[in-house]
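So you can see what is in the structure, the chains are spelled out below.
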Amino acid sequence: KMQDDARYLKRKVTAGSLDVHPTEKALVVHYEVEASILGESGGHMLGERKEGQKIIRVKSLSPSTDVGALAKKVVEECKLIPPSRLPQVEQLLYYLQNRKSSPVEGKVEKKEKRTVKPRELTPFEGMELNEEASITRVDEYVELLYEGIPEKIRGAALILQLARNPDNLEELLHNEAALGALARVLREDWKQSVELATIIIYIFFCFSSFSQFHGVVSHYKIGALCMSVVEHELKRHDVWREELRKKNKAYILYFSEYKKKYHGLLAKQEQLLRVSLYLLLNLAEDTRTELKMRNKNIVGLLVKVLERDDEELLVLVVSFLKKLSIFLENKNDMAEVDTVERLARLVPCDHEDLLNLTLRLLLNLSFDSGLRGKMVEVGLLPKLTAMLGDESNRQVAMRILYHISIDDRFKGMFVYTDCIPQLMHMLYEHNEEEIEAELISICINLAANKRNAQLMCEGNGLKMLMKRALKMKDCLLMKMIRNISQHDGPTKPLFIDYVGDLAAEIRAEEEEEWVLECLGTLANLTIPDLDWELVLKEYNLVPYLKDRLKPGSAEDDLILEVVIMIGTVSMDDACAAMLAKSGIIPALIELLNAQQEDDEFVCQIVYVFYQMVFHQATRDVIIKDTQAPAYLIDLMHDKNAEIRKVCDNTLDIIAEYDEEWGRKIQSEKFRFHNNQWLEMVESRQADDSEPYLYDNDNDRTDLFYSAGTYKTLDRACSMTYAAKGDEPLGDTGDVFDQTSSSPGRPATAYGFRPDEQPFYQYS
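Residues numbered from 1 in each chain as written. Predicted model: local features only at pLDDT ≥ 70, side-chain atom pairs only at ≥ 80, totals over all residues. Heavy atoms only, no water.

An unreviewed UniProt entry lists the protein under the name Kinesin associated protein 3, from Stegastes partitus.

> Explain the environment of Leu591 residue by residue, including any values.
With respect to the helices, strands and loops of the structure, Leu591 is situated in helix 33 (residues 584-594). Not counting the four nearest positions on each side in its chain, Leu591 is found in contact with Leu549, Pro551, Ile559, Val563, Phe601 and Ile605. (Helix = DSSP H or I, 4+ residues; strand = E, 2+ residues; numbered from the N terminus. Contact = heavy atoms within 4.5 Å.)

> So, the packing of helix 5 (residues 149-163) against helix 8 (residues 194-208): which residues are in play, and what are the values?
Running from N to C, helix 5 and helix 8 point in directions that differ by 25°, and their axes come no closer than 9 Å. The orientation of helix 5 with respect to helix 8, classified from their angle, is roughly parallel. When you trace helix 5 past helix 8, the crossing you get is left-handed. From helix 5, Ile149, Lys152, Ile153, Ala156, Ala157, Ile159, Leu160 and Ala163 reach across to helix 8, where they touch Glu195, Leu196, Ile199, Ile200, Tyr202, Ile203 and Cys206. Here the residues of the contact of helix 5 with helix 8 sort into 13 nonpolar, no polar and two charged. (Axes fitted to C-alpha atoms, helices over the stretch in contact; angles between N-to-C directions. Parallel < 35°, antiparallel > 145°, perpendicular 65-115°, else oblique. Left-handed = near helix turned anticlockwise from the far one by under 90°. Nonpolar A, V, L, I, M, F, W, Y, C, P; charged D, E, K, R; others polar.)

> Explain the packing of aromatic side chains to me, and be specific about the residues and the numbers.
As enumerated under the stated definition, the model contains seven aromatic pairs in all. Consider the rings of Phe207 and Phe213, whose centres lie 5.8 Å apart with planes at 75°: the pair is edge-to-face. On the accessibility criterion, Phe207 (0% relative accessible area) is buried. Ring pairs connect the aromatic residues Tyr202, Phe205 and Tyr278, which therefore count as one cluster. Against the face of Trp661 rests Lys664, its NZ or CZ located 4.3 Å from the ring centre. (Phe/Tyr/Trp six-rings, centres within 6.5 Å; stacked < 30°, edge-to-face > 60°. Buried < 20%, exposed > 50% of the residue type's maximum accessible area, 1.4 Å probe, protein only. Lys NZ or Arg CZ within 6 Å of the ring centre and 35° of its normal.)

> Outline the confidence of the model for the protein, supporting the account with residue identities and numerical values.
In the predicted model, the protein carries a mean pLDDT of 82, and the fraction of residues at 70 or more is 82%. Within the model, pLDDT remains below 50 along residues 749-763, and this stretch shows 26 contacts once partners closer than five positions in the same chain are excluded. (pLDDT = per-residue confidence, 0-100.)

> If you had to explain the pattern of salt bridges to someone new, which residues and values would you point to?
Where charged atoms from two side chains of opposite charge come close, those side chains can pair. Throughout the structure, instances matching the rule amount to 37 salt bridges. Two residues, Glu195 and Lys268, come together in a salt bridge whose shortest N-O distance is 2.9 Å. In this pair, Glu195 sits in helix 8 while Lys268 sits in helix 11 (residues 255-283), placing the two residues 73 residues apart along the sequence. Where Arg241 meets Glu307, a salt bridge forms, and the shortest distance between an N and an O atom there is 3.4 Å. Of this pair, Arg241 sits in helix 10 (residues 222-250) while Glu307 sits in the loop between helix 13 (298-305) and helix 14 (311-324); the two residues are 66 residues apart in sequence, bridging distant segments of the chain. A relative accessible area of 26% means that Glu307 is categorised as partly exposed. (Salt bridge = Lys/Arg side-chain N within 4 Å of Asp/Glu carboxyl O.)

> Account for unusual backbone geometry, with residues named and values stated.
For residues besides glycine, phi is generally negative; the peptide bonds are generally trans as well. Here the amide bond leading from Val347 into Pro348 is cis, since omega sits at -5°, within 30 degrees of zero. You can see Pro348 is positioned in the loop between helix 16 (339-344) and helix 17 (352-365). With phi around 65°, Asn297 is a residue other than glycine that occupies positive phi space. Note that Asn297 resides in the loop between helix 12 (287-295) and helix 13. Positive phi, normally seen in glycine, also occurs at Lys473, with a value near 50°. Here Lys473 lies in the loop between helix 25 (461-472) and helix 26 (475-485).

> Could you give an account of the environment of Asn175, with specific residues and numbers?
Following the sequence through the fold, Asn175 ends up in the loop between helix 6 (166-173) and helix 7 (176-189). Look at Asn175 and you get buried, because its relative accessible area is 18%. C-alpha of Asn175 to C-alpha of Asp139: the two residues are 36 residues apart in sequence and 8.8 Å apart in space. Setting aside chain neighbours within four positions, we find Asn175 in contact with Val138 and Asp139.

> Can you break down the side chain of Lys323 residue by residue, with the values?
Examined against the element boundaries, Lys323 turns out to sit in helix 14. For Lys323, a relative accessible area of 12% gives the class buried. For Lys323, the side chain forms a polar contact with the main-chain oxygen of Ala284, separated by 2.9 Å. (Polar contact = N/O pair within 3.5 Å; in protein donor to acceptor, adjacent residues only side chain to side chain.)

> Hey, could you go over the state of the cysteines for me, with residue numbers and the actual values?
Summed over the entire model, instances satisfying the criterion amount to zero disulfides. For Cys443, which is in no disulfide, the shortest distance to another cysteine sulfur is to Cys419 and amounts to 8.0 Å. Among the residues examined, Cys443 registers a relative accessible area of 0% and is labelled buried. (Disulfide = S-S within 2.5 Å.)

Structure, rendered in structure tokens:
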């Protein structure tokens, strides 16, 4: 109805502000176009407003130019500038004439640095033009688009000449007949001629290079058409390869001729793919458009193109994938196809841009644990290690290696590469300079593996690390040393020479973070021949350790490390006695009350009690002078298995040496197991005809701790302490065999706490 009534179209152009171009010798004229549809009576029916700008370049402007004359010429030729604004034009031109050009002046911030650009199209048959296109003859070129394929190619090629000059894009934008004809020809004839499709898409690509022209590209649905073109061409390529394989097998005489034809078709197809994908990359700056592409499987198409050998095309595809990979959904799509496998063949490669882009894409993907596994599986670990020698790609390669080193699954695989010697060499080279975060981070991770730690200590490795860490008070380097110190075997005795240096750093005046790492390293040194009593006395560490046991005296991490340190030194009987006399045990009980909800604190404090009950002096203090046994009974059935294990071993020893506590412990075990039995019987929904689980009540006694249990314990204890009242000898049975059934020192929170889930979940 409205269309029937509409008779007139009114268009009004209003001039807006006038300004200088930020980077070029040009004026920018802003204007507003108002289009209205009027009825027969002249009434307003429908209207729309649109803002635009026109750039007037004055390349001839120089210090000797007559600014007044040039301003008059600009006003005369540009209808958007009214004569009344001549003084303003003259003033702006004068400013341009005197403005000093700057390499950074007026730069527009881009969303992402582009490292690729479309290569010039090679002339196709029918595209070798002897005439130069003119913007005034566009309508003539459009008429050629209504004829045969050769004429269409010619007409499109002439328009392409104009479109490649940005000055002509705005003029072409207003020629709806030309753009409509180009879009129609592309939609109808792209399957008939690769050359024609390539030229027309290149024309729209010229528009897509500027964000303000994306609307016209979307209006003619060129993006969706390019997706169809890419998908179709990839299927055609599969057909060509299959035909080539068959020809190679069956027609030997004609194979070379067919192969030559295949490579000719391939070259043209790759030009079409390149310009189509680059247009899509430009449009993908809008995340809504990118989402539409994802729904049409853009990731699958791009990964398919990774099979190609054309380096310019690969640069474009990898750049596109890198842009897409920052979104989780796109990354998941890449994980479902063979992205990593196809990227692996590009590392290393001779094309510097392609190699750098490939590594950066792998870096984005390496945040996914499953894709990290793929990288190791396809053999990228030694290739990335080799990249450490390449100055331009070292940092990116090291970041990928850092992500791989996070996984315990892959730490040991670094042993079979040249990575650790290279990393150690980099550490040597830094002297007193600050170590890069990536370098020290990967070293910290790798030092958590026993074999890696041994490689790091080869030669004078540990000596170099200790010397630099102590001199610079480098907390991260000491963290690496702390990781090395946790491994049993040949590396631990190497630390004997540095016990004094580390102990000297345990002072209240030092930074807590630094003390934490030094103390943690000392606490790892469970070396039998080490005289801890001498160390504690010489460096006066007992007051420091006792003060730090007070809740709130320091950060929890440092207090926990103090507890672990006490557990380590308590293996020495003289040292344990000295600590007991200093009042350490009541301080530990107070800390246990304060941190009873923290499984890590509880476990480590119980382990200190476990160590101390081995020695006569400290055993008597714990049993007779403290309520530690009562706390241990309460913890006997804790939900944490590690706590239960250490607690049971400690209580078994206490029960042997104190009859009263032995009866209490036995009674508690009986009560607990009896309650378990009753709960099991009550929860069993048995029919009257169903026999009981046990036919004879006497069978229940197997669940209880009988006197026979303690007879066995008595024999074990008498063997243990037969020679000397407080020193275990030989094979001491189940209770005191610290190398077998007893827990040894529990795993610390260094990494993650036993009651917490690890940050990374591996599929």
